[in-house]
Amino acid sequence: MYRFTETRVLSSVKMMKTLLFFTICLIKGHMGDDADAVTGISGGSVIINCLYNPETTKERAKSFCKVSGSECTTMTEEKKDLWIPGERFSLTDDTTLRLISVLIRNLTVNDSGTYRCKADSKLIQEEKLEVTEESCCGTSEEQSAYLGGTAVIRCRYPEKYNDHIKQLFKLQNGSLQASFTPRSAINPRFSLNDNKQEQVFTVTIVNVSRHDDGVYFCGAHVTNNPTKIGYSLLSTEINLHVTDFSRIIIIIIIISVCVILLLIAGFTLTVCKRRGDAHSQLPTIPSDGLLYTAVSFQKHEESLSEDTVRFSNSEIYTTVIYHTRLH
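Criteria and cut-off values
- Residues numbered from 1 in each chain as written.
- Predicted model: local features only at pLDDT ≥ 70, side-chain atom pairs only at ≥ 80, totals over all residues.
- Heavy atoms only, no water.
- Helix = DSSP H or I, 4+ residues; strand = E, 2+ residues; numbered from the N terminus.
- Buried < 20%, exposed > 50% of the residue type's maximum accessible area, 1.4 Å probe, protein only.
- Contact = heavy atoms within 4.5 Å.
- Areas by Shrake-Rupley, 256 points an atom, 1.4 Å probe, with all protein chains shown as cover.
- Salt bridge = Lys/Arg side-chain N within 4 Å of Asp/Glu carboxyl O.
- Disulfide = S-S within 2.5 Å.
- Patch = residues over 30% accessible without salt bridge, like charges linked within 9 Å, V, L, I, M, F, W, Y side chains within 5 Å.
- Polar contact = N/O pair within 3.5 Å; in protein donor to acceptor, adjacent residues only side chain to side chain.
- Core = buried A, V, L, I, M, F, W, Y, C linked by side-chain atoms within 4.5 Å.
- Pairing = 2+ DSSP bridges.
- Axes fitted to C-alpha atoms, helices over the stretch in contact; angles between N-to-C directions.

1. Let's talk about the overall build of the protein
Step number 1: Secondary structure summary: the protein contains 2 helices and 19 strands in total.
Step number 2: Across the 327 residues in the protein, those meeting the buried criterion constitute 31%.
Step number 3: Long-range contacts, defined as pairs at least 24 residues apart, comprise 63% of the intrachain contacts of the protein with a sequence gap of at least 6.
Step number 4: Surface exposure of the protein reaches about 21,500 Å², of which carbon and sulfur atoms provide 56%.

2. A short note on the pattern of salt bridges
Step number 1: Summed over all chains, the structure comprises 7 salt bridges.
Step number 2: Ionic pairing is found between arginine 88 and aspartate 111, a salt bridge with its closest N-O pair at 2.9 Å. In this pair, arginine 88 sits in the loop between strand 4 (71-77) and strand 5 (89-94) while aspartate 111 sits in the loop between strand 6 (99-104) and strand 7 (113-119), placing the two residues 23 residues apart along the sequence.
Step number 3: The class for arginine 88 is partly exposed, based on a relative accessible area of 31%.
Step number 4: The partner of aspartate 212 in a salt bridge is arginine 189, with the nearest N and O atoms 2.9 Å apart.

3. Overview of the state of the cysteines
Covalent bonding between the sulfur atoms of two cysteines defines a disulfide.
Step number 1: According to the stated counting rule, one finds 4 disulfides in the structure shown.
Step number 2: Covalently, cysteine 50 is tied to cysteine 117 through a disulfide, its sulfur atoms 1.9 Å apart. Measuring the twist about the S-S bond at about 50 degrees, one finds the cysteine 50-cysteine 117 disulfide to be right-handed. Residue cysteine 50 is found in strand 2 (residues 45-51), and its partner cysteine 117 is found in strand 7; the two are separated by 67 residues along the sequence.
Step number 3: For cysteine 50, a relative accessible area of 0% translates into the label buried.
Step number 4: Across the disulfide from cysteine 136 sits cysteine 137; the S-S distance is 2.4 Å. Across the S-S bond linking cysteine 136 and cysteine 137, the dihedral sits near -80 degrees, which makes this disulfide left-handed.
Step number 5: Take cysteine 136: its relative accessible area is 22%, and that puts it in the partly exposed class.
Step number 6: Here the disulfide map of the protein reads 1-4, 2-3, 5-6, 7-8, the bonded cysteines being numbered as they appear in the sequence.

4. Some remarks on a nonpolar patch on the surface
Step number 1: Taken together, the side chains of Ile253, Val257, Ile260, Leu261 and Ile264 present a nonpolar region at the surface, about 460 Å² in accessible area.
Step number 2: Here isoleucine 253 is to be found in helix 2 (residues 245-280).

5. Structural notes on the side chain of aspartate 111
Step number 1: Take aspartate 111: its relative accessible area is 5%, and that puts it in the buried class.
Step number 2: Within polar-contact distance, the side chain of aspartate 111 engages the side chain of arginine 88 at 2.9 Å.
Step number 3: If sequence neighbours within four positions are ignored, aspartate 111 has contacts with Lys66, Arg88, Phe89, Asn106, Leu129 and Val131.

6. Considering the nonpolar core
Step number 1: Membership of the largest hydrophobic core comes to 39 residues, with the highest contact counts inside it found for Phe64, Ile104, Ile153 and Ile205.
Step number 2: The element best represented in this core is strand 16 (residues 231-243), accounting for 5 residues.
Step number 3: Those residues in contact with isoleucine 153 that sit more than four places away from it in its chain are Gln143, Leu168, Phe201, Thr202, Val203, Ile205, Tyr216, Cys218 and Ile238.
Step number 4: Counting residues in each nonpolar core, the second largest holds 9 residues, with Ile47, Trp83, Leu176 and Val215 among its members.

7. Focus on the sheet that holds strand 1 (residues 37-41)
Step number 1: Strand order in the open sheet formed by 5 strands is 1-8-7-3-4, with mixed pairing between adjacent strands. Strand pairing shows two members of the sheet lacking a second neighbour, strand 1 and strand 4, which therefore form its edges. Neighbour-to-neighbour, the strand axes of this sheet turn through a mean angle of 35 degrees, independent of strand direction.
Step number 2: Bridge analysis of strand 3 (residues 62-68) against strand 7 gives 5 bridges, and the strand direction is antiparallel. Across the sheet, lysine 66 pairs through a bridge with tyrosine 115, a residue of strand 7.

8. Remarks on the pairing of strand 5
Step number 1: Buried residues dominate strand 5, accounting for 5 of its 6 residues.
Step number 2: Bridging between strand 5 and strand 6 involves 6 bridges; their strand directions are antiparallel. Each residue of the ladder has a partner; that of threonine 92, found in strand 6, is serine 101.
Step number 3: Linkage of strand 5 to strand 6, two consecutive antiparallel strands, is achieved through a turn of 4 residues, within which arginine 98 is found at a positive phi near 55 degrees.

9. Re the environment of valine 46
Step number 1: Looking at where valine 46 falls in the secondary structure, it is placed in strand 2.
Step number 2: Sequence separation between valine 46 and glycine 219 is 173 residues; the distance between their C-alpha atoms is 8.9 Å.
Step number 3: Non-local contacts of valine 46, meaning those with residues more than four positions away in its chain, are made with Val38, Thr39, Val102, Leu103, Ile104, Leu107, Leu129, Tyr231 and Ser232.

Spelled out as structure tokens, the structure:
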């Protein structure tokens, strides 16, 4: 009986050790997930999100730093807007959602490294950023559309993001506003189609308005760990220019009228110049004060000779020339 009990105890201890071993492995696995790299594209941007739960953290000053050895260099602190012209790093704090959002723009390979979201000196979250080169993305493009027409925005992305949720952000009043939720478009004029074979998703905007003019960012929402909110990869910047087509027509009409008026003016000047030249070729009275006149007569065919009759008086000389027409 004793031996049986001892055997059961030893077996239970082994099971507990085994269970503890697997628990440690699972913890390490989650720690590994926490250390998974946030991937960015050179030339693009990335939005890193940090959640904080304790109410005591809510009122503390938030910051974002890069780890270098034993130190962590502050890259940015809490700002009013997520998008600040001229600054690559910016941070906003949504105290209602208890969410810190950090935007890093114009990424370079040198931005790779370990970063921390902090509240005062307290660590909230640590992320490893890895910036890679991608030939498809990391660029800025210009697109145009006509007022009242249809705009089509094409966004390329790396193949490894095929299964991630695609996003389109618009720069609006210092923030990046999402055009789509995970299930539908926020604006019914917007629609998204994802071609995973070609790694291109297109956003179609119908009945384009002046409000649609602006800067957009193509991206994907990436979640490597279901316990974390994930991050947003911004691969391409799109500058959409909305033009009023009726204004273009008016400009074309004005230019056409001006060209026609110039042609008319040129034709008028040419005619006037020719008339002036013809007037300058009319006979003039010689300096001797006498008037010369030439008159031509045609004779009948019986007369084959050309006669010249000249007569004069004291003031007028007249020359008469006869020409014969042969039939």
